[in-house]
Structures are given as structure tokens and as C-alpha cells.
Amino acid sequence: MRFYSRQSELEILSSTAASARRGSARFTVIAGRFGVGKTKLALSQIRDTPTLYCYAARSNETLLTRQFCRDAEQIGVRIPEGVRTLPQFIEALLRAGKLRPMTVVLDAFDEFLAMNPAVYPLLAQVWEKGAEGSHIHLVATVSAAGAVEQIFGKGAPMQGIASNIMRLSAFEIASLQKILLDYNPYAGGEDLLALFAFSGGIPRYVRALLEADASSKESIVNAFANPELLFCSEGENLLTPVLGRDCGTYFAILSLIADGYTGIQDISEQLAGKSIGGQLRKLEEEYRLIEKRRPLFAAQASQTVRYAISDRFLEAWMRYIFPFRNLIEMGEVDLLRTMVRKKYKQFLPETLREFFVTRATESGKFTQVGSWWPGKRSLVKGEIPLLALDQTRRSAIACDIRRKKKQFDPQALQTAMDFLQSESLEGWSVTQQCLTPDDITI
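Here is a short report on the structure shown in this document. (Residues numbered from 1 in each chain as written. Predicted model: local features only at pLDDT ≥ 70, side-chain atom pairs only at ≥ 80, totals over all residues. Heavy atoms only, no water.)

1. Examining the layout of surface pockets
Then, in step 1: Computed from the structure, the second largest pocket encloses a volume of approximately 520 Å³.
Then, in step 2: Around the second largest pocket, the lining comprises 22 residues; the ones closest to its centre are Gly-263, Ile-264, Gln-303, Thr-304 and Val-305.
Then, in step 3: Take the lining of the second largest pocket: its biggest share by element is five residues, from helix H15 (residues 277–286).
Then, in step 4: Classifying every residue of the lining of the second largest pocket by side-chain character gives six nonpolar, eight polar and eight charged. (1 Å grid on protein atoms, 1.4 Å probe; cavity = no way out; pocket = protein on both sides within 12 Å on 5 of 7 lines; lining within 4 Å. Points joined across faces, edges and corners; volume = space filled by probe spheres on them. Helix = DSSP H or I, 4+ residues; strand = E, 2+ residues; numbered from the N terminus. Nonpolar A, V, L, I, M, F, W, Y, C, P; charged D, E, K, R; others polar.)

2. Section: the nonpolar core
Across soluble globular proteins, nonpolar side chains show a tendency to be buried alongside one another.
Then, in step 1: Core analysis: the biggest nonpolar cluster contains 75 residues, and Phe-198, Leu-243, Leu-254, Leu-283, Met-318 and Leu-386 have the highest contact counts within it.
Then, in step 2: Here the element with the most residues in this core is helix H13 (residues 247–258); it accounts for eight residues.
Then, in step 3: Contact partners of Leu-283, with chain neighbours within four places excluded, come to Leu-243, Tyr-250, Ile-253, Leu-254, Arg-288, Leu-289 and Ile-290.
Then, in step 4: The next biggest cluster of nonpolar side chains, apart from the first, holds 45 residues, and it includes Ala-25, Cys-69, Leu-93 and Phe-112. (Core = buried A, V, L, I, M, F, W, Y, C linked by side-chain atoms within 4.5 Å. Buried < 20%, exposed > 50% of the residue type's maximum accessible area, 1.4 Å probe, protein only. Contact = heavy atoms within 4.5 Å.)

3. Concerning the environment of Leu-327
Then, in step 1: Residue position: Leu-327 is located in helix H17 (residues 325–330).
Then, in step 2: In this structure the C-alpha to C-alpha distance between Leu-327 and Ala-92, which are 235 residues apart in sequence, comes to 54 Å.
Then, in step 3: Discounting residues that sit within four places of it in the chain, Leu-327 has contacts with Glu-332, Leu-335, Leu-336 and Met-339.

4. Describing the sheet that holds strand S9 (residues 384–390)
Then, in step 1: The four strands lie next to each other as S8-S9-S10-S11, forming an open sheet whose pairing is mixed. Each of the sheet's edge strands pairs with one partner strand only, and the pair in question is strand S8 (368–372) and strand S11 (429–435). Across the sheet, the mean angle from the axis of one strand to that of its neighbour is 25°, orientation sign disregarded.
Then, in step 2: As paired strands, S8 and S9 are joined by four bridges and run antiparallel to one another. Its bridge partner lying in S9, Val-369 is registered against Ala-388.
Then, in step 3: Helix H20 (residues 410–421) rests against S8, S9, strand S10 (395–401) and S11 of the sheet, and its axis sits at about 150° to S11. (Pairing = 2+ DSSP bridges. Axes fitted to C-alpha atoms, helices over the stretch in contact; angles between N-to-C directions.)

5. Considerations on the packing of helix H8 (residues 173–183) against helix H9 (residues 189–199)
Then, in step 1: Remark: H8 packs on H9, axes separated minimally by 10 Å, with the N-to-C direction vectors making an angle of 115°. Viewed along their axes, H8 and H9 form a crossing whose handedness is right-handed. Each of Ile-173, Leu-176, Gln-177 and Leu-180 in H8 lies in contact with H9, whose residues at this interface are Asp-191, Leu-192, Leu-195 and Phe-196.
Then, in step 2: For the contact of H8 with H9, the per-class residue count stands at six nonpolar, one polar and one charged. (Left-handed = near helix turned anticlockwise from the far one by under 90°.)

6. Brief notes about the pairing of strand S3 (residues 102–107)
Then, in step 1: In terms of burial, S3 is largely enclosed, as six of its six residues are buried.
Then, in step 2: With burial as the criterion, each face of S3 is covered, one bearing Met-102, Val-104 and Leu-106 and the other bearing Thr-103, Val-105 and Asp-107.
Then, in step 3: Summarising the sheet, strand S2 (residues 51–55) and S3 pair through five bridges and their orientation is parallel. Bridge pairing in S3 places Leu-52 opposite Val-104.

Structural measurements only, silent on function.
Here it is as C-alpha cells:
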């Protein structure tokens, strides 16, 4: 699959590399979850200058440094004898960079948090001492949640070292649409929705689907539920190393959230009353796998909270693969696909809500986009799945989301709107709308 999107990031990389060639060394950080395209972006400048690629596979610092030295030799950079640590290696590169410009890609830079976190303050000292007059553009990729703050944040060992910190996220819907149409010029709205839902917009999964000729709703479901492809095992491969030995309860909580149990009491009841406050806190604050969602206009400390999985692909895996792993073990692929289709239809309103909220947010037409629902003690019935606000014009669009237009109940939506117009949206112009799959146009 050819390179899509990331135009602003490409421009930053290009200008930073040019600055390094003209002046002193530059340090760029590319952060984002696994599969979001960090490495491909980091190597995008490979034609401009000699590029040294070093992958920090979790191992031993001495062994890795030895491999990095061999990699450097391959592009004609001689590293002195006796270099045994990463700071020594970078120091040697900075010296070499005074004679020739080069790009250095240090992939999985955050792995040293597990291998030897003491390298970071030493690297900061080496960089501050040797960057002047060296024409190195060092690009480091970081994947782990919170690693950027641990390494480069306020009070962190490498604070102030990075010239740029770029955070990559999933493809926007407009990019997904363009990519889909390149592979399937006859694709429709339901095909785009399926690609959005099952790939999460993550480039790795978009590529895997489309290169498997999955560019329609049916073929996307078939590929997602194909044990021969990466999807069936991907969620477990991503989560188990992060969650550790006590992953059973965490997996159960994530599965329940994906299945629509979004309140702490609802989740606890499904786990026979087990206390889960600590696990939810770790999933949110340490692992960053879930997030609290509050209705628009709710205070930050409001207890009107719904939990959601923060990564769309992991949500899809927890919803459509995790409950049916026994079918994979039994080799019942056709039955697995039947169950995925059935559950996808069941959760279509939730998928549509996520799609339309994302699309409204990415449109840039609104100052705030979200959902609204009443608190448990409120006498108001009904909620607004999509509420888009334009504070400059004091206007809002309140949208119900349904599988079909005939299911729309304007009065139920109007009840919620009347309450808001007597409170937070007093004096605002509010229009109502019903969105269905037919409103996804390509």
C-alpha cells in the first residue's frame, strides 16, 4: 500500500532534516500506538541523506549497541572500538555527523525503559554536549502509553532535548475513504463503515485488509474473522505483554465494556460483585486502554460516567473475536464469521454513533462534539447520541442515530433538547436530525 496522509508530518520531518544539514543536530520523536505507521514515516526521508536504521528489540543494551555499530558500518560510519552503551554509540554518531549529514532512526526507543532506563539522562548529557555542529537528524519512535511523558515530559530525563514531538493517530475518515476507493471504486457507505469499525483506522490493519482484497463489508468481515490473517490473534498479542500475569480480570473488564456494560456498577455486577475500582483505574491511568466519557456540559468531577475502550481496533477485537475464541480453536471459521456478522448488526447503532461523532469532529465545522445523556437521578428521559455545537453562532445540531429512518422517534429527541434549551443551551438555535447508514455517502 502506498503512503497515504501524514502530509504535515512529512513537511516537519523534511524541514527538520534540512535544519540539521545546515546547522546542528536535531532530535525528533514520533509517538503512537503499534501499527500506526511510525516506522514508515520515520524512513520516509531515506532518499535525502544516508540513513541508519536501528531497531531496539528488547534484549541487552550491550548486545544491541554491538548490533547498532555493525549497522553503522554498513553505511560507512566507523564506530570506535570500545563502544558498549547506547550513549557511547550516539556520542560517536554525533562526532561522525560533524563530517557528513545523516538520518538516524532509532525504532522502539522506549524499550530502554524496560532494558535500562538509566540510559536516558546519559543520552541527554551526550546530546547537549555533542549536538552543536553535528548534522545528525535523529528520529526516535515511541509506542508505549505514557512513554513520551516518562522520557521527554516535564521533569523527565530528556526534557527539552526533542526538537519535535509528533503524535500519530488513526487515519481520518476522509483518508480512509480515499484509500478504500483506490482499492474499490465501487465501494459504498456500508463498506466504509466496516473498514472504519474493523480496522480502527490503524494503517497496519487497513493495509492488511485491503491487501487481502477485503474492500467491501462482507469481505472485510470475512478477513477479520480469518484465523490465517493477523486479526484473530492481534488483540491478545497486544494486550498480554502489557497487562501481565493478572490479565484475566482485565480481559473480562475490557470484554464487558466492549459489550455495552459501561458503568462501574454494571461491570461489577457481571463479575459477581467483584470490586474493580483499582483495575479500572490502572486500565485508564497506567495502561491507557480505557477512558471515561461524560455527557457534554457535565463537570469534570461528575459521576455521570461511561467507560469506553480508547482504541477502536481493540474494541472491535474484544467485541467480535474475544468471546468466540473457542470457535477459532475448533476450526469453525464459518460459524465465527456468522457470529461476527450477527454481533456487528447488534452493535450497529454504537458503531454508527462513533463514526458520525468522529466525522463531525474531523469536519472542523463545530467547536465541540459529543453526546449527552441525563444523570441517574434526573427525571429527564432520553439522550442525544450526537450533539454538535457551534459556540460562535450559538447553534447546535442534535442527532438521533438509527439503523433505519422509520425507527426515529422525534418526540423522544425533542424531550432531551427541551431540557438542554432550558439549561445549558438556553437561547441557542437547536435543530434535530436522524442519521442512518444511508447518510454515509462516498
